[in-house]
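Secondary and tertiary structure notes
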Amino acid sequence: MALNTFAQSTKIKSAEVNANFQNLSDHGRNFTMKWAFAGTLTVTTTKDYIALPDTGVISRVDLVCDTAPTGAAVIVDVERSTDGGSTWVTIFTNQANRPQVAISARTGNTTTIDVSGATEYTHLFRVAIDQVGSTIAGADLSVMIRGTYSLD
């Protein structure tokens, strides 16, 4: 549905305003949370915590390496804390769903998020690199969590 347009100095019809709001509300707003790991990758958990500005739903996690791993894939986990960082739990209860960059590839992703809809604005997120390449570890990794939150 296209947004209605209003000419300057005209009366705004409430039905058109409501239609515009409903159109925006139906589509929600997109968000991206991003972490960057500079240099040669190592197995590590970031201390960089990010929270959403509102309640949302995670739809995918994308990975990009500047240097491709060889010998083994790079595997990343995303962890969530619902208690201000005291405890952390993966959003991939099925560990096979974790995103990875395959051997000799530079990108990877997953759209299978096991805990996608339970993302309150009070939750914190962090990233753990669980595995790196065994011959060439890979380098300069970006991890992006993408999703939407409602305008309602």
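The structure reproduced in this document is the subject of the present report. (Residues numbered from 1 in each chain as written. Predicted model: local features only at pLDDT ≥ 70, side-chain atom pairs only at ≥ 80, totals over all residues. Heavy atoms only, no water.)

Some thoughts on the overall build of the protein chain
Helices and strands together make up the secondary structure of the protein chain, namely 1 helix and 10 strands. Counting helices and strands in the order they occur from the N terminus, the protein chain gives α-β-β-β-β-β-β-β-β-β-β. Going through the 152 residues of the protein chain one by one, you find that 40% of them count as buried. Put simply, of all contacts in the protein chain between residues at least 6 apart along the chain, 80% involve residues at least 24 apart. Within the structure as shown, the protein chain displays about 8300 Å² of accessible surface, and the carbon and sulfur contribution to it stands at 50%. (Helix = DSSP H or I, 4+ residues; strand = E, 2+ residues; numbered from the N terminus. Buried < 20%, exposed > 50% of the residue type's maximum accessible area, 1.4 Å probe, protein only. Contact = heavy atoms within 4.5 Å. Areas by Shrake-Rupley, 256 points an atom, 1.4 Å probe, with all protein chains shown as cover.)

So, the pattern of salt bridges
This structure, assessed with the given rule, holds 6 salt bridges. Its salt-bridge partner being Asp66, residue Arg106 comes within 3.6 Å of it at the nearest N-O pair. In this pair, Arg106 is assigned in the loop between strand S7 (100–101) and strand S8 (107–110) and Asp66 in strand S4 (residues 56–67), connecting sequence segments 40 residues apart. We classify Asp66 as partly exposed; its relative accessible area is 48%. One network of salt bridges, in which partners are shared, links Arg60, Asp62 and Arg146. (Salt bridge = Lys/Arg side-chain N within 4 Å of Asp/Glu carboxyl O.)

A word on the sheet that holds S4
Sheet architecture is open: 4 strands sit in the order S1-S10-S4-S8, paired in antiparallel fashion. The open sheet has two edge strands with one neighbour each: strand S1 (29–40) and S8. Averaged over all pairs of adjacent strands, the angle between their axes in this sheet comes to 15 degrees, without regard to strand direction. For S4 and strand S10 (residues 139–149), the ladder comprises 10 bridges, and the chain directions are antiparallel. Each residue of the ladder has a partner; that of Val61, found in S10, is Ile145. (Pairing = 2+ DSSP bridges. Axes fitted to C-alpha atoms, helices over the stretch in contact; angles between N-to-C directions.)

Observations concerning the pairing of S8
Within a regular strand, the side chains alternate between the two sheet faces. Only one face of S8 is buried, namely the one carrying Gly108 and Thr110, since none of Thr107 and Asn109 on the opposite face is buried. Where S4 and S8 come together, 4 bridges link them in antiparallel fashion. Among the inter-strand pairings, Asp62 is bridged to a residue of S8, identified as Asn109.

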